[in-house]
Amino acid sequence: MVGRLVKFLTQLKGSHVNALKKCSSKDSCFLNIVCGNESADLDSIVSTIAYAYLSFLNDPSALLLPVINIPKEDLKLRRDVCYLLDSHSISSDLLYFKEDLRNWSKLPSCDINCVLVDHNDIPHTNKDVLLNVVGIVDHHKDVGLHTESVETFSGPRIIQTAGSCSSLVFDYWFKISKSNEQACAAIKDVVPLLLGALLIDTDDMKHKVEHIDTVALEEYKKLSQESVDTNRLYQKLREAKDDINGLYFHDILRKDYKEFNFNPETRCGIASVVKSIQWIERRFDKANIESTCTKYIEENSLDILVLMTSFTENDIFSKQIAFQINPNRDPQLLKSLVNDLAPKLDLVKIESLSSKCFECYDQKNTKMSRKQVAPFIEEFIHK
Ligand SMILES: [Mn+2]
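Keep in mind that this is a model prediction, so the values were computed, not measured.

A. A look at the packing of helix H3 (residues 79-87) against helix H10 (residues 230-242). Viewed as axis vectors pointing N to C, H3 and H10 meet at an angle of 135°, and their least axial separation amounts to 7 Å. Looking at the two axes, H3 sits oblique to H10. Residues Arg79, Asp80, Tyr83 and Leu84 of H3 lie in contact with H10, whose contacting residues are Leu233, Lys236, Leu237, Ala240 and Lys241. For the contact of H3 with H10, the residue count by class is 5 nonpolar, no polar and 4 charged.

B. Local environment of the sheet that holds strand E2 (residues 65-68). What the 6 strands build is an open sheet, ordered E3-E2-E1-E4-E5-E6; its pairing is parallel. Among the strands making up the open sheet, the edge pair consists of strand E3 (96-97) and strand E6 (157-159). Taken together, the 2 bridges between E2 and E3 define a ladder with parallel strand orientation. The residue of E3 that forms the bridge with Val67 is Tyr96.

C. Molecular detail of helix H14 (residues 370-382). Given a rise of 1.5 Å per residue, 13 residues ought to cover 18 Å, and the 18 Å separating the end C-alpha atoms of H14 matches this to within 8%. Of all the positions in H14, only Arg370, Val373, Ala374, Pro375, Phe376, Ile377, Phe380 and Ile381 are classed as buried.

D. Here's a closer look at the sheet that holds strand E10 (residues 316-325). Strands sit in the order E7-E8-E9-E10-E12-E11 across an open sheet of 6 strands; the sheet is mixed. Only two strands of the sheet have a single partner each, and these edge strands are strand E7 (257-262) and strand E11 (347-349). For this sheet the average axis-to-axis angle between neighbouring strands, irrespective of direction, equals 25°. The pairing of E7 with strand E8 (residues 266-273) spans 6 bridges and is antiparallel. Paired with Lys258 across the bridge in E8 is Ile270. Most of the contacts of helix H12 (residues 277-299) go to E10, to which it runs at about 30°, and overall it touches E7, E8, strand E9 (304-313), E10 and strand E12 (358-363). Across the sheet, helix H13 (residues 331-345) touches E9, E10, E11 and E12, and the angle it forms with E10 is around 160°.

E. The arrangement of the packing of aromatic side chains in detail. Scanning the model with the defined rule gives 12 aromatic pairs in all. Taking 6.3 Å as the distance between ring centres and 15° as the angle between the ring planes, the aromatic pair formed by Tyr51 and Tyr172 counts as stacked. Here Tyr51, found in helix H2 (residues 42-58), pairs with Tyr172, found in helix H6 (residues 165-177); they are 121 residues apart in sequence, far enough to count as distant. Geometrically, the ring pair formed by Tyr172 and Trp173 is edge-to-face, given 4.9 Å between the ring centres and 70° between the ring planes. Since its relative accessible area comes to 9%, Trp173 is described here as buried. The structure contains a cluster of three or more aromatic residues connected by ring pairs, namely Phe8, Tyr53 and Phe56. One cation-aromatic arrangement involves Lys13 over Tyr96; the distance from NZ or CZ to the ring centre is 4.1 Å.

F. Just the domain arrangement of the chain, in detail. In terms of domains, the chain is made up of domain 1 (3-239) and domain 2 (246-381). Each partner contributes to the interface: domain 1 provides 13 residues, whereas domain 2 provides 16 residues. Of the roughly 1,500 Å² buried at the junction of domain 1 and domain 2 (both faces included), carbon and sulfur atoms supply 50%. On the domain 1 side of the contact with domain 2, Glu38, Leu77 and His124 bury the most area, a combined 38% of that side's loss. Close ionic contact of Arg254 with Asp74 constitutes a salt bridge, the shortest N to O distance being 2.7 Å. Along the contact surface separating domain 1 from domain 2 lie 5 residue pairs in polar contact (both at pLDDT 80 or more).

G. A look at the side chain of Ser276. With respect to the element layout, Ser276 can be found in the loop between E8 and H12. On the basis of relative accessible area, Ser276 is assigned to the buried category, the value being 3%. For Ser276, the side chain forms a polar contact with the main-chain nitrogen of Trp279, separated by 3.0 Å. Discounting chain neighbours no more than four positions away, the residues touching Ser276 are Thr309, Phe311, Glu313 and Gln320.

H. Just the environment of Thr202, in detail. Checked against the element boundaries, Thr202 lands in the loop between helix H8 (191-201) and helix H9 (211-223). Taking C-alpha positions, Thr202 is 8.8 Å from Asp213, a pair spaced 11 residues apart along the chain. Thr202 has contacts with Gly163, His207 and Val209, leaving out every residue within four places of it along the chain.

I. The arrangement of H12 in detail. Relative to the 33 Å expected for 23 residues at 1.5 Å per residue, H12 spans just 22 Å between its end C-alpha atoms, considerably shorter than the ideal helical length. At Asp285, H12 shows its largest kink, close to 95°. Among all positions in H12, only Ile277, Trp279, Ile280, Phe284, Ile289, Glu290, Thr292, Cys293, Tyr296 and Ile297 are buried. In the segment just after H12, Ser301 is the residue with positive phi, at about 45°.

Rules behind the numbers
- Residues numbered from 1 in each chain as written.
- Predicted model: local features only at pLDDT ≥ 70, side-chain atom pairs only at ≥ 80, totals over all residues.
- Heavy atoms only, no water.
- Axes fitted to C-alpha atoms, helices over the stretch in contact; angles between N-to-C directions.
- Helix = DSSP H or I, 4+ residues; strand = E, 2+ residues; numbered from the N terminus.
- Parallel < 35°, antiparallel > 145°, perpendicular 65-115°, else oblique.
- Contact = heavy atoms within 4.5 Å.
- Nonpolar A, V, L, I, M, F, W, Y, C, P; charged D, E, K, R; others polar.
- Pairing = 2+ DSSP bridges.
- Expected span 1.5 Å × (residues − 1).
- Buried < 20%, exposed > 50% of the residue type's maximum accessible area, 1.4 Å probe, protein only.
- Phe/Tyr/Trp six-rings, centres within 6.5 Å; stacked < 30°, edge-to-face > 60°.
- Lys NZ or Arg CZ within 6 Å of the ring centre and 35° of its normal.
- Domains from an automatic or database assignment.
- Buried area = accessible area lost by both parts, 1.4 Å probe.
- Salt bridge = Lys/Arg side-chain N within 4 Å of Asp/Glu carboxyl O.
- Polar contact = N/O pair within 3.5 Å; in protein donor to acceptor, adjacent residues only side chain to side chain.
- Bend = angle between axes of the 7 residues up to and from the residue.

Quick look at the structure:
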């Protein structure tokens, strides 16, 4: 079913080797890539692959390499991603990762042109590698950057609210493909991936659904040859995503993690976690949680580490948020931050899970996710 997609990714590896040969010679060369965000969740990865494939269908001469913004080794932590890719015979060998990006950046005369999907600014860990942003398709808050470079390259700059960024990627290319019969026929090969990302991002079309997501789902159904049991697919992906058994707590922290440099002074890491703090505490005990967080803060030179949990227990969807501050920073910073966030997120402290350096809250406003909380923290820091 995804024959053409796999064939495309395989051929891309071949032509990419040729492109690199040119780069290694004295002539300057370009690598065109599409890259998802550093959390590398299902949406980011699917948006990346879909963008590269759909762009190829419309212009086979303009090849974009799909880059996943994590080390290849870390893909296995994302069990929903592995499940979906495996079920469509997409091996991780067919994709590109952070280490590839690093290697390309070392080539003497190679410029990397990048389309950003599922984020609209270059994460600070990529700032030295990615300079030219030539297109953006995203559903996060618009930070207003790269307008000129995108315009110069006549790329898209689509930043719009959507449950899933994959819906925006699909919409953009689907409209372009309408006049191209061949492209239209081949789109369906990437639909199973798009559908997976949409279902996970919207909890089976129950949360955060925007008009563009609904339209995308309708089109996916029309494009799929056989009727798809979306509920079953969602359940499978959900189970895989929520399965963090056997992972170290350190891996749980970095599995879905984003880092933000607010002001130049404050570095904040936000880890999304699929289980409650109680669940984590039952497995790792309090001392282990605190020491792992402390180590994580050190390793990543963070000022603040934030854990955001979202989980369903007894059919009730809940969220929690926990904070740990760098022991060298003024503890007052955390107090003021929590005071600032409390009314926005409707926070209620969970005394039993909190300690002097680890503060844990029920987040009664379950509508707010990292997408909103990161800008809140930024506003607070700027104040
Ligand atoms: Mn996304």
